[in-house]
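# What the coordinates show
The primary structure of each chain is shown beneath.
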Amino acid sequence: MSWFDSLPPADTTVPCGTGEHTVRWEAGRLTLTAHPDAEAELVLGALGGDKPGCVTLAETWARHAGDLTVLTSGPRCDADRVRVDWPQIEELRGQLPRSLARLISGTRPSPPTTPTPPPTVRVTRRIHYRHAGAAGQVTPGFSGSRKEDVIRRQMQQIELLELLALGPEFQFRLAGTVIAAWAGPDRRDDRATRRPELSGVLTGRFAPAAQEWLGIDPDTVTVITHEEAGWGSLRMVGTGRGQRLRSSLPLSWLSEVWACGLAVVAGHLVVAVEDPGYPEAGVLALPAPDAEPVRLRARATGRSAGGLVTWTL
Amino acid sequence: MHSAGGRAADADGERAETYLRLVAEAALRSAADGRADRVRNAADVLVDAGVLGDAVAAQIIADLNLALRLRGRRSAQTLAGRLLRTAPLQPGQRIPLLPDQAPEPSAGLAPPWRVLPAGPGTPASRLMALILTADRALAPATLFFPLSDGPPEAVTFPFTQLTGTDDTGVEYRLGFANGTWAGSAWTGTVIFFPRPPAAARWLAIMSQNGPLLRVEIAAAPPAAATPIAMLGPVPETLGERLLTRRAEAMLAANALGYPLEGGQPRQGEVVAALEGAGVLAPLSPAPARLSALGQLLGLAMQGPADEVPARWKAVMTHYGRRKRLNPVTGTATIAAELPEIDGSRFVIAGLRSGSAGTFLHVLVDRLPRPVTRGRPDIGFSWWFRDDADSWHLGAVEDVGAVGGGEEMLRLVLLPPLGHEASALTAEIRGATQQLTANLQVRW
């Protein structure tokens, strides 16, 4: 049972070589349909050959699969549209030194190939990537001068923009991937070191859901990370203009519920997915703030313009 | 609320960061562009209060700005200076909550200082103290240049003629830092490089016309430079400290004729940020106190006048008079090395007083924050009570490098001393620690 079991595959096209190739997300993985042997292409790239843009993009995805920074820019809800164009990225890449720009995915000569799993091979590269932090991400290593720091930030920003340029469906799936990397029971200590960021991530996404559910001002919503057993808690406090919604939810709510488009379904706030699946999932949902959660079956009805799967009960 | 090490505890920093991130999330949700600037203001307040590090604040603002741009929205005013100081981050890397959280200042090996009170020097020229640092000697002093040495307005001219020497024959490189002129008198810090040898009995600054200043390196007992001092916790939260510092800045601005509110976030925003970050209690009297002072100073603020502390009123009252007593004229030695406070070390060298005012010269090492340009704010409050029971606010007027890691502060006393006070009680308040020291003043 995985967080992404309630999500269907998604396709998008990216510039690669002289044309555009399809990249598919399916069951939590990126598939490069035009590159059946991405591993070999990575080796060729390491030896000085051109690396296909698709392959480099898949590397970028893997590199940021646990990067909380992704969540600071990504969408908070279905109505929150994040738009990034590939020409914008090309323009930013053009501001980088040429040798570094080549290491970021984008339009480069690339032979057409057939589908393959995402590249997970280890290869020696001309710029070494170093592990950083508990999430185990890697990023290009520099010696740390001011100019190099600026370039590093630019590269990280370009990588982030490339991932967001994949479109809304991929934006939510990437967010789910990042959250899932942090939500496991084995990451509790790591979460404790990143509480402020995680609090922002959770509140920033739960508050719009609560607004959609109850019509309340999202600024009056407080949510903290629930670290104990169970789905958490939720209650209204105060009256009139002082009324607030206080809740605690596990971080996994974001990946299992929110990223799958299940936050609010037919007037219910989904607090947990007990039986993930697509196009049907078993959920635990609240019909009202002070009600007990009920077990319901949700059925997928399509896809919203914002990139989320839509559901009904 | 505070840690014993003189800096905000982790819990304060974490709550402040959480608050700022939630404010940023609210700004991103809001259709109103102005809310992004409120995030910037809140970040400024929390950094200023010492509860949130520059790097964290800059990162949050940068993240918000990128998120806004990706949504076609106007971004907040940037914290460009802060962002440039932000350490390079890796994906997934944690940035420290506070810039100085890594090494404990007192745990490091502070270079030893030796502080010597100055005896009477060459007639006219006067030394405040001689401070021997790891690799040099610092001599805050007033030097009187004879007219034959050149016109006083030729600021660099007299210095090129000066040499440094001692009784063992060592020739010193001399530096002259942070100086101000009053007629033919220059007051600033003379730097002797290298540090004088232990055998040296005196140092001298020689001009073409003979010795300009001779300093006896007497074998002063160590206790001579250590005043009676009491160190204790600050009876204010970090939020209250910030509001108090703002009040003191207003008092200084009023006294010195600066604008009272120059580009500062409004008090309501300040209080909201401090309360949200958990460093200001809702029932704290500090906001009312600041408002009352603002009202007395003619700002559009309201507060109960009886909340204004007596020492604030004393400063205000002095500058409200149409006629004021002239400041006393002279140079005095203090030579007091103070116990470490909030990780910073200070030596109060002495003071120079004249028609321009009374100025205290203080050596400092390990300031807790980068010094802001313009009117410097180093995060400390300085108050002095003279032997006539009058209070004087110390406002940092200048912070200048003197080599090594040390810096020299010039504090203007508001109001200036009106007589040759023989004693001052200094009350220095940092973010979490305060120090009271009895200082002997020798004119």
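Rules used in this analysis
Residues numbered from 1 in each chain as written. Chains lettered and ligands numbered in written order. Predicted model: local features only at pLDDT ≥ 70, side-chain atom pairs only at ≥ 80, totals over all residues. Heavy atoms only, no water. Helix = DSSP H or I, 4+ residues; strand = E, 2+ residues; numbered from the N terminus. Buried < 20%, exposed > 50% of the residue type's maximum accessible area, 1.4 Å probe, protein only. Contact = heavy atoms within 4.5 Å. Areas by Shrake-Rupley, 256 points an atom, 1.4 Å probe, with all protein chains shown as cover. Pairing = 2+ DSSP bridges. Axes fitted to C-alpha atoms, helices over the stretch in contact; angles between N-to-C directions. Phe/Tyr/Trp six-rings, centres within 6.5 Å; stacked < 30°, edge-to-face > 60°. Lys NZ or Arg CZ within 6 Å of the ring centre and 35° of its normal. pLDDT = per-residue confidence, 0-100. Parallel < 35°, antiparallel > 145°, perpendicular 65-115°, else oblique. Nonpolar A, V, L, I, M, F, W, Y, C, P; charged D, E, K, R; others polar. Core = buried A, V, L, I, M, F, W, Y, C linked by side-chain atoms within 4.5 Å. Expected span 1.5 Å × (residues − 1). Arc of directions from axis to C-beta. Disulfide = S-S within 2.5 Å. Salt bridge = Lys/Arg side-chain N within 4 Å of Asp/Glu carboxyl O.

When its secondary structure is counted, chain A shows 10 helices and 13 strands. In chain A, which comprises 313 residues, the share counted as buried stands at 55%. Counting only contacts in chain A whose residues sit at least 6 apart along the sequence, the fraction spanning at least 24 positions is 60%. When the accessible area of chain A is evaluated, it comes to approximately 13,300 Å², of which 51% is carbon and sulfur surface.

Broken down by element type, chain B carries nine helices and 18 strands. Scored against the burial criterion, the 443 residues of chain B give a buried share of 55%. The contacts of chain B with a sequence gap of at least 6 include a subset with a gap of at least 24, amounting to 65%. Accessible surface, chain B: about 18,300 Å² in total, of which carbon and sulfur atoms supply 55%.

Strands pair in a sheet through their backbones, by hydrogen bonds, and they do so in one of two ways: parallel or antiparallel. Residue and element names in this part refer to chain B. Read across the open sheet, the nine strands follow the order β10-β18-β17-β14-β15-β16-β13-β12-β11; overall the sheet is antiparallel. Of all strands in the sheet, those with a lone pairing partner are β10 (228-233) and β11 (330-337), marking the two edges. With direction set aside, neighbouring strand axes in the sheet form an average angle of 20°. Across seven bridges, strand β17 (residues 423-429) lies against strand β18 (residues 433-440) in antiparallel orientation. Bridging from a neighbouring strand, I428 pairs with L435 of β18. On the sheet, helix α6 (residues 238-256) packs against β14 (381-386), β15 (391-401), β16 (407-414) and β17 and is oriented at approximately 60° with respect to β14.

Further remarks concern the sheet that holds strand β3 (residues 29-32) of chain A. Residue and element names in this part refer to chain A. Taken together, the three strands give an open sheet; going across it, the order is β1-β2-β3, and neighbouring strands pair in antiparallel fashion. Edge positions in the sheet fall to β1 (10-16) and β3, since each has one partner strand and no second. Going across the sheet, the axis of each strand differs from the next one's by a mean of 30°, ignoring polarity. The pairing of β1 with strand β2 (residues 19-26) spans seven bridges and is antiparallel. Looking across to β2, one finds that V14 is bridged to H21. Of the strands in this sheet, β1, β2 and β3 touch helix α2 (residues 53-63), which is tilted by about 175° from β3.

What follows deals with the packing of aromatic side chains. Overall, the coordinates contain 13 aromatic pairs over all chains when judged by the stated rule. Residues W61 of chain A and F170 of chain A carry aromatic rings whose centres are separated by 6.2 Å and whose planes lie at 85° to one another, so their mutual orientation is edge-to-face. One end of the pair, W61 of chain A, is in helix α2; the other, F170 of chain A, is in helix α7 (residues 168-183), and 109 residues separate them in sequence. Each member of the pair, W61 of chain A as well as F170 of chain A, is classed as buried. The interplanar angle of 80° and the centroid separation of 6.2 Å between the aromatic rings of W383 of chain B and W391 of chain B together place this pair among those described as edge-to-face. As far as burial versus exposure is concerned, W383 of chain B and W391 of chain B are alike and both buried. Through pairs of rings, three or more aromatic residues link up here, namely F346, F380, W382 and F384 of chain B. Positioned above the aromatic ring of W182 of chain A is the side chain of R187 of chain A, whose terminal nitrogen or guanidinium carbon lies 4.5 Å from the ring centre. Between the NZ or CZ atom of R311 of chain B and the centre of the ring of W383 of chain B, over which it lies, the distance is 5.3 Å.

A few words now on the confidence of the model for chain B. As a general rule, the predicted coordinates of low-pLDDT regions are not to be interpreted in detail. All names here are of chain B. Summary statistics for chain B give a mean pLDDT of 81 and a share of 80% for residues scoring 70 or more. No element of chain B has a lower mean pLDDT than helix α4 (residues 80-85), which averages 40, and none a higher one than β14, which averages 95. Confidence drops under a pLDDT of 50 for residues 1-9, and excluding neighbours within four residues, the segment shows 29 contacts in the predicted structure. This model gives residues 80-107 a pLDDT under 50, and the stretch forms 75 contacts once residues within four places in sequence are excluded. Here the predicted complex carries an ipTM of 0.85, next to a pTM of 0.82.

Quick look at the packing of α6 of chain B against helix α8 (residues 286-296) of chain B now. Residue and element names in this part refer to chain B. Between α6 and α8, whose axes approach to 9 Å, the crossing angle comes to 10°. What the angle tells us is that α6 and α8 run roughly parallel. Mapping the contact onto sequence places E240, L243, T244, R246, A247, M250 and L251 in α6 and A286, P287, R289, L290, L293 and G294 in α8. The class makeup of the residues in the contact of α6 with α8 is eight nonpolar, two polar and three charged.

What follows covers the confidence of the model for chain A. Counting all residues, the mean pLDDT for chain A is 83, and 84% of those residues have values of 70 or more. Between residues 105-143 of chain A, whose pLDDT stays under 50, and residues either more than four places distant or in other chains, the model counts 132 contacts.

By size, the foremost hydrophobic cluster in this structure holds 84 residues, and its most contacted members are F206, W253 and L262 of chain A. Among residues more than four places away in sequence, those in contact with W253 of chain A are L202, F206, A209, W258, A263, V270 and V271 of chain A. V23, A49, L52 and M250 of chain B belong to the second-largest nonpolar core, a separate cluster that totals 58 residues.

Residues and elements named next belong to chain B. With 19 residues, α6 ought to run about 27 Å at 1.5 Å a step, and its terminal C-alpha atoms sit 27 Å apart, in line with that. Here α6 lies mainly inside the structure; 16 of its 19 residues are buried. Phi turns positive one or two residues past the end of α6, at G257, with a value near 80°.

Moving on to helix α4 (residues 86-94) of chain A. Residues and elements named next belong to chain A. Buried residues of α4: W86, I89 and R93, and no others. All buried residues of α4 project into a common sector of 55° when viewed along the axis, lining one side. Turned more than 90 degrees off the buried face of α4, the exposed positions are P87, E91 and G94.

All names here are of chain A. Counting across every chain of the model gives zero disulfides over all chains. Unpaired in this structure, C16 has its nearest cysteine sulfur neighbour in C54, at a distance of 3.6 Å. Here C16 falls in the buried class, since its relative accessible area comes to 1%. A disulfide-free cysteine, C77 has its sulfur positioned 16 Å from the sulfur of C260, the nearest such atom.

Residue and element names in this part refer to chain B. This model, assessed by the stated rule, comprises 30 salt bridges over all chains. Across the salt bridge formed by E427 and R311, the nearest N and O atoms sit 3.1 Å from each other. Placement of E427 in strand β17 and of R311 in helix α9 (residues 310-320) is noted, with a sequence separation of 116 residues between them. Residues joined by salt bridges that share partners form a network here, namely E236, R241, R289, R311, E427 and R429.

Residue and element names in this part refer to chain B. Among the eight residues that make up β11, seven are buried, leaving the element largely enclosed by the rest of the structure. As paired elements, β11 and strand β12 (residues 345-354) share six bridges and run antiparallel to each other. Within β12, the position partnered with E337 by the bridge is V347.

The residue after Y278 of chain A, namely P279 of chain A, is reached through a cis peptide bond having omega 15°. Phi at N178 of chain B is positive, roughly 55°, even though this residue is not glycine. Considering the arrangement of structural elements, one finds N178 of chain B in strand β6 (residues 171-182). At D389 of chain B, a residue that is not glycine, the phi angle is positive and equals roughly 65°. Looking at where D389 of chain B falls in the secondary structure, it is placed in the loop between β14 and β15.

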